[in-house]
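# Observations on the model geometry
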Amino acid sequence: MRILGIETSCDETSVAVVEGMKKTRVNLVYSQVDHARFGGIVPEIASRQQLKKLPLLYIQALNESGLELKDMDGIAVTMGPGLVGSLLVGVNFAKALSYSCGLPLLGINHLEGHVFSNYLASPQLEPPFVALIVSGGHTILVHVCDYLDYQILGQTRDDAAGEAYDKVSKLLGLGYPGGKIIDDLAGKGNPNFHKFPRAFLKDISYEFSFSGLKTAVVLYVKEKGPEFVKNNLFDICASFQEAVVDVLVSKAMLAARSLEINKIVLAGGVAANSRLREKLIFKAEKKKIEVFYPPPILCTDNAAMIASAGHKRFEKGQRSDFNLNAYPYLPLSGSN
Ligand code: KG4
Ligand code: ZN
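Here goes a summary of the coordinates provided. In this text the structure is predicted, and so the values were computed from the model without any measurement. (Residues numbered from 1 in each chain as written. Chains lettered and ligands numbered in written order. Predicted model: local features only at pLDDT ≥ 70, side-chain atom pairs only at ≥ 80, totals over all residues. Heavy atoms only, no water.)

## A look at the overall build of the protein
- Scanning the protein for helices and strands turns up eleven helices and eleven strands.
- In terms of overall size, the protein behaves like a compact globule, its C-alpha atoms giving a radius of gyration of 20 Å where 336 residues would be expected to give roughly 20 Å.
- Structurally, the protein occupies a C-alpha span of about 60 × 45 × 30 Å along its principal axes.
- Here the protein holds 336 residues, and 55% of them are scored as buried.
- Taking as baseline every contact in the protein between residues at least 6 positions apart, the subset at least 24 positions apart corresponds to 73%.
- Here the protein has roughly 14200 Å² of accessible surface; of this, 53% comes from carbon and sulfur atoms.
- The distance from the centre of the 36 positive side-chain charges to the centre of the 34 negative ones in the protein is 3 Å. (Helix = DSSP H or I, 4+ residues; strand = E, 2+ residues; numbered from the N terminus. Rg over C-alpha atoms; globule rule 2.2 N^0.38 Å. Buried < 20%, exposed > 50% of the residue type's maximum accessible area, 1.4 Å probe, protein only. Contact = heavy atoms within 4.5 Å. Areas by Shrake-Rupley, 256 points an atom, 1.4 Å probe, with all protein chains shown as cover. Lys, Arg positive; Asp, Glu negative; His and termini not counted. Charge placed at Lys NZ, Arg CZ, Asp CG, Glu CD.)

## Observations regarding the pairing of strand S8 (residues 149-155)
- Sheet topology places strand S7 (residues 139-146) next to S8; six bridges connect them, and they run antiparallel. Opposite Leu 141, over in S8, you have Gly 154 as the bridge partner. (Pairing = 2+ DSSP bridges.)

## Structural notes on the environment of Leu 120
- Relative to the helices and strands, Leu 120 is located in helix H3 (residues 110-121).
- Leu 120 gets classed as buried once you look at its relative accessible area, which sits at 9%.
- Sequence separation between Leu 120 and Leu 298 is 178 residues, and the spatial gap between their C-alpha atoms is 8.4 Å.
- Excluding anything up to four places from it in sequence, Leu 120 contacts Val 18, Met 21, Lys 22, Lys 23, Thr 24, Leu 298, Ala 304, Met 305 and Ser 308.

## Thoughts on the coordination of the zinc ion (ligand 2)
- Every protein donor of the zinc ion (ligand 2) is accounted for by His 110 (NE2), His 114 (NE2) and Asp 301 (OD), and the metal-donor separations fall at 2.1 Å.
- Every donor counted, the four donor atoms about the zinc ion (ligand 2) form angles of 93 to 145° at the centre, which fits irregular coordination.
- Each donor residue of the zinc ion (ligand 2) lies on the same chain, and together they follow the pattern H-x3-H-x186-D. Note that His 114 is positioned in helix H3 and Asp 301 in the loop between helix H10 (296-299) and helix H11 (303-315), a separation of 187 residues in sequence.
- Judged by relative accessible area, which is 1%, His 114 ranks as buried. (Donors = N, O, S within 2.8 Å, 3.2 Å for Na, K, Ca; no water. Tetrahedral: all angles 85-135°; square planar, octahedral: opposite > 155°, others 65-115°.)

## Brief notes about the layout of surface pockets
- Roughly 1400 Å³ of volume is contained in the largest pocket.
- Residue lining of the largest pocket: 50 residues in total, with Ser 135, Gly 136, Gly 137, Asp 166 and Tyr 176 positioned closest to the centre.
- When residues of the lining of the largest pocket are assigned to their parent elements, the largest contribution, six residues, is made by helix H4 (residues 161-171).
- Among the residues forming the lining of the largest pocket, the class breakdown is 21 nonpolar, 19 polar and ten charged.
- Composition of the lining of the largest pocket by domain shows at least three residues from each of domain 1 (2-115 + 298-315) and domain 2 (127-293). (1 Å grid on protein atoms, 1.4 Å probe; cavity = no way out; pocket = protein on both sides within 12 Å on 5 of 7 lines; lining within 4 Å. Points joined across faces, edges and corners; volume = space filled by probe spheres on them. Nonpolar A, V, L, I, M, F, W, Y, C, P; charged D, E, K, R; others polar. Domains from an automatic or database assignment.)

## Considering the site of ligand 1
- Residues in contact with ligand 1 amount to 22 residues; listed here are only the nearest, Gly 136, Asp 166, Gly 179, Asp 183 and Asn 273.
- Interatomic distance of 2.7 Å between a side-chain N/O atom of Asp 166 and an oxygen atom of ligand 1.
- One of the side-chain N or O atoms of Asn 273 is found 2.9 Å from a nitrogen atom in ligand 1.
- Protein coverage of the free-state accessible area of ligand 1, which is 550 Å², stands at 90%.
- According to the grid-proximity analysis, the pocket containing ligand 1 is the largest pocket.
- Among the secondary structure elements, those contributing two or more residues to the shell around ligand 1 are H3, H4 and helix H5 (178-186). (Near = heavy atom within 4 Å. Polar contact = N/O pair within 3.5 Å; in protein donor to acceptor, adjacent residues only side chain to side chain. Sits in = over half its atoms within 2 Å of the grid points.)

## Things to note about the packing of aromatic side chains
- Inspection of the entire model under this criterion finds ten aromatic pairs.
- Between the aromatic rings of Phe 116 and Tyr 119, the centroid separation amounts to 4.8 Å while the plane-to-plane angle is 75°, which identifies the pairing as edge-to-face. Of this pair, Phe 116 and Tyr 119 are both found in helix H3, three residues apart, which corresponds to roughly one turn of the helix. As far as the burial class goes, Phe 116 and Tyr 119 line up, both buried.
- By way of ring pairs, the aromatic residues Phe 116, Tyr 119, Phe 129 and Tyr 147 are connected into one cluster.
- In this structure, Lys 224 packs its charged tip against the face of Phe 228, placed 5.1 Å from the ring centre.
- Across the ring face of Tyr 147, the terminal group of Lys 312 is positioned such that the distance to the ring centre comes to 4.2 Å. (Phe/Tyr/Trp six-rings, centres within 6.5 Å; stacked < 30°, edge-to-face > 60°. Lys NZ or Arg CZ within 6 Å of the ring centre and 35° of its normal.)

Now the structure itself:
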């Protein structure tokens, strides 16, 4: 089965063709750059950019794969969660394609897509496993009991992990998006330079909170002054990153050990973080737990992961009709 995937949930526009559940034929991603000067995503700009880029990427994807629409067996599109204006562009584009050529259509949960990016990256991976979905919009710990069967263990009560990176980066005047920038600078710093707070670290719970950490960095920077911050930038980045990573790693390990599961899977933009990968692998190895994560192109938003999830659902006979809508809030829950 060959599936065309479309992803427009935020500020990335992506079109992909996936064959079977695990083979990517083409996966084109365009990341909008216009938001950098605003220090964050401007939803109105994001949806207008989606409208401009999606038709071009669609044509390019067909050209690069040497395929035509009639060579597809289905169209999978992100229906949520995300920015509603951006989502609507992809959903309506997919509906129009489906209507024009009679191909079956399927709306996919973006978070499920992030989990599926790991099946694309590691074809040997099979559920059950614990998945940590960490992105600019989400921090969710999930027990993936089976393909399409999810049990949410916990999530953030306020900011997402990626959001904390982006806000701290903005505060330090480092640019947007901040994850990769801080990750690179932190690599040159001392993670034990300053002990920033780690929310819920000692609790036997799977809840996360990152807004207190962000405030702690704001207060620290204010107290120390610009000269000190400039001279100790690498160490401050490393200390902030260590606080984020400590909580993520300890909750993921707690979940795997409590559920007696020997696989932990990272997904979402923050899964690209070098310290998160390093520390999780180090802790997991000691407990004989295997760690999986996708390459950077499959960590951030992409349509291959949506097509892969679509493949699994099409296989089960699932279809959407033309009432398919965009859902800004869409939980990943229950078994389907
Ligand atoms: O999954 P994604 O592309 O979009 C959402 O669904 O949100 O994730 C984007 C987020 C941004 O907050 C970005 O700063 C963060 O992922 N990110 C990173 C790294 N690369 C991207 N965070 C930490 N370390 C990185 N290397
Ligand atoms: Zn995402």
